[in-house]
Amino acid sequence: MGGAVSAGEDNDELIDNLKEAQYIRTELVEQAFRAIDRADYYLEEFKDNAYKDLAWKHGNIHLSAPCIYSEVMEALDLQPGLSFLNLGSGTGYLSSMVGLILGPFGVNHGVELHSDVIEYAKQKLDFFIKTSDSFDKFEFCEPSFVTGNCLEISPDCTQYDRVYCGAGVQKEHEDYMKNLLKVGGILVMPLEEKLTKITRTGPSAWETKKILAVSFAPLIQPNHADSGKSRLVHLPPVAVRSLQDLARIAIRGTIKKIIHQETMSKNGNGLKNPPRFKRRRVRRRRMETIVFLDKEVFASRISNPSDDNNNSEDIEDERREEEETKPPELKPDPPVNFLREKVLSLPLPDPLKYYLLYYREK
């Protein structure tokens, strides 16, 4: 699947192309996509393909095409504080983007069939938390992954506000998927070769919308050949944050507000230099003259031999003026992590500073 948009030179250009093609339509989704570099979830030898609108698979590791993830993120209508369940969570790329929107008081769970993929996802999550500047721009809902078949989730599990399934769902499993949703919740899944959005409007009422045609590998059916018994998947319990953790979230939030206020004050509410309005040059045009003599009409052109030269001179002058007024291309300054700088400047013991920074390396 994929190939709907042009490849990008980097992650930002890929997102620009997805926006232009209307796959990314909302600011929250755009921010999440820009915050996490898709290439970070590729193996090193395959990173040249990371910014193409194509799915990628190597062994059990799989990433859907960017256009598919875009449609999924938009259809889920994510909001801070919601609970999310990712069935077939794979590399954790989608779960991490979702976590940026859910914020610190959301719930972010994933079920993945292959234990080696779970380990890969945990490594990528750890790398993002420790090294990405984007981590400090958001309050993150860290995903938790469990190994198992998503068709064997324990019947006593909690229901979720948002559910996504990353494999083709057979018609006989549609009701099973629906029952994972709270009333008012949204389920997005490939159903009968269509990416489908299902909204639970009541205890037994649903609204269904087909989004686009897709081709996904089908869900793997449970295999009970070894023991003959079902291996129930128990999802992580909803964790209650400690008072210490809540204090860290509140302090970081306050510091971010201070940084924002300082930035607005320096930039004059975000307005830098007023825009310069370019003076439009009026070009000379040839004049057509109509002469009436009795009942006949004669058309004549009164032209100046220097008109053609003047026009070309005007064009050349305008081009020269544009080059003179065009600002020089400057290399962008390296990004500054203002939150980190502000925390490290506080008159606090070092262990407390590093706690506020989640012990991140940079």
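Residues numbered from 1 in each chain as written. Predicted model: local features only at pLDDT ≥ 70, side-chain atom pairs only at ≥ 80, totals over all residues. Heavy atoms only, no water.

Colleague: Outline the pairing of strand E4 (residues 107–112), supporting the account with residue identities and numerical values.
Modeller: For a regular strand, the rule is simple: side chains alternate between the two faces of the sheet. Burial of E4 is extensive: six of the six residues sit out of reach of the surface. Every second residue of E4 is oriented toward a common face, with Val107, His109 and Val111 on one face and Asn108, Gly110 and Glu112 on the other, all of them buried. Here five bridges tie strand E3 (residues 83–87) to E4, and the two strands are oriented parallel to one another. By the bridge assignment, asparagine 86 is partnered in E4 with glycine 110. Looking at chain direction, E4 and strand E5 (residues 144–147) are connected through four bridges and run parallel. Directly across from glutamate 112, in E5, lies its bridge partner threonine 147. Each parallel crossover has a hand, and the one from E4 via helix H5 (residues 115–131) to E5 is right-handed. (Buried < 20%, exposed > 50% of the residue type's maximum accessible area, 1.4 Å probe, protein only. Helix = DSSP H or I, 4+ residues; strand = E, 2+ residues; numbered from the N terminus. Pairing = 2+ DSSP bridges. Right-handed = clockwise from strand over helix to strand, strands pointing away.)

Colleague: Lay out the pattern of salt bridges in plain terms, naming residues and giving numbers.
Modeller: Tallying each qualifying case throughout the model produces 18 salt bridges. Here glutamate 30 ties to lysine 19 by a salt bridge, and the two come within 3.2 Å at their closest N and O atoms. One end of the pair, glutamate 30, is in helix H2 (residues 27–35); the other, lysine 19, is in helix H1 (residues 11–20), with eleven residues separating them in the sequence. Overall, the relative accessible area of 16% leaves glutamate 30 in the buried class. (Salt bridge = Lys/Arg side-chain N within 4 Å of Asp/Glu carboxyl O.)

Colleague: Now, about the state of the cysteines: what can you tell me, with residues and values included?
Modeller: Per the stated rule, a full pass over the model turns up zero disulfides. Among the cysteines around cysteine 165, which has no disulfide bond, cysteine 150 carries the closest sulfur, lying 4.9 Å off. Take cysteine 165: its relative accessible area is 0%, and that puts it in the buried class. (Disulfide = S-S within 2.5 Å.)

Colleague: How would you explain the packing of H1 against H2 if you had to name every residue and give the values?
Modeller: At a minimum axis distance of 9 Å, the contact between H1 and H2 shows a crossing angle of 155 degrees. It follows from the interaxial angle that H1 and H2 lie roughly antiparallel. Of the two possible hands of crossing, H1 and H2 adopt the one that is right-handed. Contacts between H1 and H2 pair Asn11, Asp12, Ile15, Asp16 and Lys19 from the former with Glu30, Phe33 and Arg34 from the latter. The class makeup of the residues in the contact of H1 with H2 is two nonpolar, one polar and five charged. (Axes fitted to C-alpha atoms, helices over the stretch in contact; angles between N-to-C directions. Parallel < 35°, antiparallel > 145°, perpendicular 65-115°, else oblique. Left-handed = near helix turned anticlockwise from the far one by under 90°. Contact = heavy atoms within 4.5 Å. Nonpolar A, V, L, I, M, F, W, Y, C, P; charged D, E, K, R; others polar.)

Colleague: Now, about H1: what can you tell me, with residues and values included?
Modeller: Where H1 is concerned, the buried positions are Asn11, Leu14, Ile15, Asn17 and Leu18. Across the axial projection of H1, the buried residues extend over an arc of 160 degrees, all falling on one side. At its buried positions, H1 is contacted by H2 and helix H3 (66–76). In this structure aspartate 10 caps H1, since a side-chain oxygen of it lies 3.3 Å from the backbone nitrogen of aspartate 12. One or two positions beyond H1, positive phi appears at glutamine 22, with a value near 70 degrees. (Arc of directions from axis to C-beta. Polar contact = N/O pair within 3.5 Å; in protein donor to acceptor, adjacent residues only side chain to side chain.)

Colleague: Before we move on, could you go through helix H4 (residues 93–102) and cite the residues and values that matter?
Modeller: Count 3.6 residues to each turn of an α-helix, and residues three or four apart come out pointing the same way. The buried fraction of H4 amounts to ten of the ten residues, a majority that puts the element mostly inside the structure. Every buried residue belonging to H4 is among Tyr93, Leu94, Ser95, Ser96, Met97, Val98, Gly99, Leu100, Ile101 and Leu102, and all of these are buried. Directly beyond the C-terminal end of H4, a positive phi value near 75 degrees is found at glycine 103.

Colleague: Requested: an account of the sheet that holds strand E7 (residues 181–191), with residues and values cited.
Modeller: Spatially, E5-E4-E3-E6-E7-E8-E9 is the arrangement adopted by the seven strands of the open sheet, whose pairing is mixed. Only two strands of the sheet have a single neighbouring strand rather than two, namely E5 and strand E9 (205–213). The mean angle between the axes of side-by-side strands here comes to 15 degrees, regardless of whether they run parallel or antiparallel. Packing against the sheet, H5 makes contact with E4 and E5, and its axis sits at approximately 165 degrees to E5.

Colleague: Quick one: what's the story with the environment of tyrosine 176, residue by residue and with numbers?
Modeller: Locating tyrosine 176 in the fold gives a position in helix H6 (residues 174–178). What makes tyrosine 176 partly exposed here is its relative accessible area of 24%. Between the C-alpha atom of tyrosine 176 and that of leucine 151, which follows or precedes it by 25 residues, the distance is 8.0 Å. Discounting chain neighbours no more than four positions away, the residues touching tyrosine 176 are Cys150, Leu151, Glu152 and Ile153. Reaching out from tyrosine 176, the side chain makes a polar contact with the backbone nitrogen of isoleucine 153 at a distance of 3.1 Å.

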